[in-house]
Amino acid sequence: MRTAARPDRQATARAVRRKANRPGLVAAATALLAVAAAPPAPQDWTATPAAGRPYAYLEGPAGSVLQDTLSLTNPGGAPLTVRLTGQGAPVSFAEPTVTVPARTRADVPFAVTLAADAPPGEHRGTVRAEAAGREVRVDLRLRVSGPRLAALTVEDVRFDEVAGSLRYTLVNRGSTVLAPRLAVRAEGLFGTVLDRPERSLQLVLRPGERAARTEPWPDPPALDSVTVRLTATAPGAAPSTARVRAAFAPGPAPTGATVLLLAAAGGVGHAARRRIGSRARRSPGGATP
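Since the structure is predicted, the reported quantities are computational estimates derived from the model, not experimental observations.

**Student:** Help me out: how do you make sense of the overall build of the protein chain in this one?
**Tutor:** Along the protein chain, the regular secondary structure elements total two helices and 16 strands. Counting across all 289 residues of the protein chain, residues that qualify as buried make up 33%. When contacts within the protein chain are restricted to residue pairs at least 6 apart in sequence, long-range pairs at least 24 apart make up 62% of them. A total of about 17700 Å² of accessible surface is found on the protein chain, and carbon and sulfur atoms cover 57% of it.

**Student:** What is the right way to read the sheet that holds strand E2 (residues 56–61) from this model?
**Tutor:** To summarise the sheet geometry, strands pair through backbone hydrogen bonds and adopt either a parallel or an antiparallel arrangement. Pairing within the open sheet is mixed, and its five strands lie in the order E2-E9-E8-E4-E6. Only two strands of the sheet have a single partner each, and these edge strands are E2 and strand E6 (97–100). Between one strand and the next, the sheet's axes are offset by a mean angle of 25°, whatever the strand orientation. Taken together, the six bridges between E2 and strand E9 (residues 134–145) define a ladder with parallel strand orientation. Its bridge partner lying in E9, Glu59 is registered against Arg143.

**Student:** How do you make sense of the packing of aromatic side chains when you look at a structure like this?
**Tutor:** Pairs of aromatic rings are described using the distance from one ring centre to the other and the angle between the two planes. Per the stated rule, a full pass over the model turns up four aromatic pairs. Between Phe159 and Trp217, the aromatic rings sit 5.5 Å apart at their centres with planes inclined by 75°, giving edge-to-face as the arrangement. Of this pair, Phe159 sits in strand E10 (residues 152–160) while Trp217 sits in the loop between strand E14 (210–216) and strand E15 (224–234), and the two are 58 residues apart along the sequence. With relative accessibility at 1%, the residue Trp217 sits in the buried group. With centroids separated by 5.2 Å and ring planes inclined at 75°, the aromatic side chains of Phe159 and Phe248 adopt a geometry described as edge-to-face. Of this pair, Phe159 sits in strand E10 while Phe248 sits in strand E16 (residues 237–248); the two residues are 89 residues apart in sequence, bridging distant segments of the chain. Counting every residue linked through ring pairs, the aromatic cluster contains Phe159, Trp217 and Phe248. Above the face of the Trp45 ring, Arg134 is positioned so that its terminal group lies 4.5 Å from the ring centre. Across from the ring centre of Tyr55, 3.8 Å away, lies the NZ or CZ of Arg141, which sits over that ring.

**Student:** What am I meant to see in the pairing of E10 here?
**Tutor:** Within a regular beta strand, the side chains point alternately toward one face of the sheet and then the other, so they alternate between its two faces. With seven bridges connecting them, E10 and strand E11 (residues 165–172) associate as antiparallel partners. Looking at E11, one finds that Thr153 is bridged to Val171. Between E10 and E11, which pair antiparallel in sequence order, lie four residues; one of them, Gly164, sits at a positive phi of approximately 65°.

**Student:** Can you walk me through the side chain of Ser71 in this structure?
**Tutor:** Structurally, Ser71 can be placed in strand E3 (residues 65–74). A polar side-chain atom of Ser71 sits 2.7 Å from a polar atom in the side chain of Asp107. Setting aside chain neighbours within four positions, we find Ser71 in contact with Thr46, Ala47, Thr48, Ala50, Arg105, Ala106 and Asp107.

**Student:** Looking at this structure, I do not really get the environment of Glu59. What am I missing?
**Tutor:** Within the secondary structure, Glu59 is located in strand E2. Beyond its immediate sequence surroundings of up to four residues, Glu59 is in contact with Leu66, Arg143 and Ser145. At 3.3 Å, the side chain of Glu59 forms a polar contact with the side chain of Tyr57.

**Student:** Explain the sheet that holds E14 here, please?
**Tutor:** Taken in spatial order, the three strands line up as E10-E11-E14 in an open sheet, and their pairing is antiparallel. Looking at which strands have only one partner, the edges of the open sheet turn out to be E10 and E14. Adjacent strand axes in the sheet meet at a mean angle of 20°, parallel and antiparallel pairs treated alike.

Calculation notes
Residues numbered from 1 in each chain as written. Predicted model: local features only at pLDDT ≥ 70, side-chain atom pairs only at ≥ 80, totals over all residues. Heavy atoms only, no water. Helix = DSSP H or I, 4+ residues; strand = E, 2+ residues; numbered from the N terminus. Buried < 20%, exposed > 50% of the residue type's maximum accessible area, 1.4 Å probe, protein only. Contact = heavy atoms within 4.5 Å. Areas by Shrake-Rupley, 256 points an atom, 1.4 Å probe, with all protein chains shown as cover. Pairing = 2+ DSSP bridges. Axes fitted to C-alpha atoms, helices over the stretch in contact; angles between N-to-C directions. Phe/Tyr/Trp six-rings, centres within 6.5 Å; stacked < 30°, edge-to-face > 60°. Lys NZ or Arg CZ within 6 Å of the ring centre and 35° of its normal. Polar contact = N/O pair within 3.5 Å; in protein donor to acceptor, adjacent residues only side chain to side chain.

Laid out in structure tokens, this is it:
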């Protein structure tokens with residue numbers, strides 16, 4: 001009896017072990033099926049200028065429409081939807097969204113419209129392609145052809161007594177982008193009352209652009225007749241100088257008599273300076289006798 005019962009216990013143990021292992025086998029099979037059913041991850045798709053160029057280069061006159069082609073390559077096993085945009089330049093696409101089939105390259109034309117007032121010279125932009133959570137940027141280099149003319153003027157100079165400042169306007173009258181510099185000098189009845197050497201204004205003016213500026217002058221003379229000269233320069237442009245006269249006197253505003261007095265004093269001072277200069281020129285070696 002004891003011998004016959006032993007095989008039954010062994011068979012029961014094997015059956016228990018098979019039942020215990022069954023959930024693990026089911027879980028493993030389920031995981032394998034899930035992996036097989038999941039779509040393949042997109043491989044590294046590319047966006048480049050056509051013909052394998054490192055960047056897109058376009059050249060033409062202002063107001064023209066320039067065309068090029070972007071190559072999108074999808075090496076994956078599923079279609080890839082790519083969204084196209086432009087940045088820093090007026091780029092347009094026939095379709096802003098393109099679906100590229102699996103293991104296929106799609107050549108997508110695009111156009112860049114240059115503004116009619118675009119200055120001659122080099123310009124930059126970017127073509128952006130976005131798909132599958134990744135963005136690829138293609139460098140876009142533009143050259144606007146045409147004559148390059150640097151021309152800068154300083155205009156509308158006046159003295160603001162209330163604010164204690166000089167106000168003026170810089171105008172880019174050429175076809176290139178300018179970085180203006182400014183020098184300020186004021187001559188009173190008996191000499192220089194303000195002298196600020198040329199310095200950068202940390203300003204960039206595009207062709208046709210105007211910029212109203214303020215030059216602080218918090219400590220003008222209390223009693224004087226002054227001629228202020230503002231000279232603006234920029235690389236490649238001829239200097240431009242504008243002048244303004246200002247009369248300073250105690251009180252809210254100079255009276256007519258004060259203005260006449262300052263004008264007369266100015267004439268005397270000017271004549272005295274001319275006499276001194278004339279004597280210096282006549283003396284040997286330029287020395288005053």
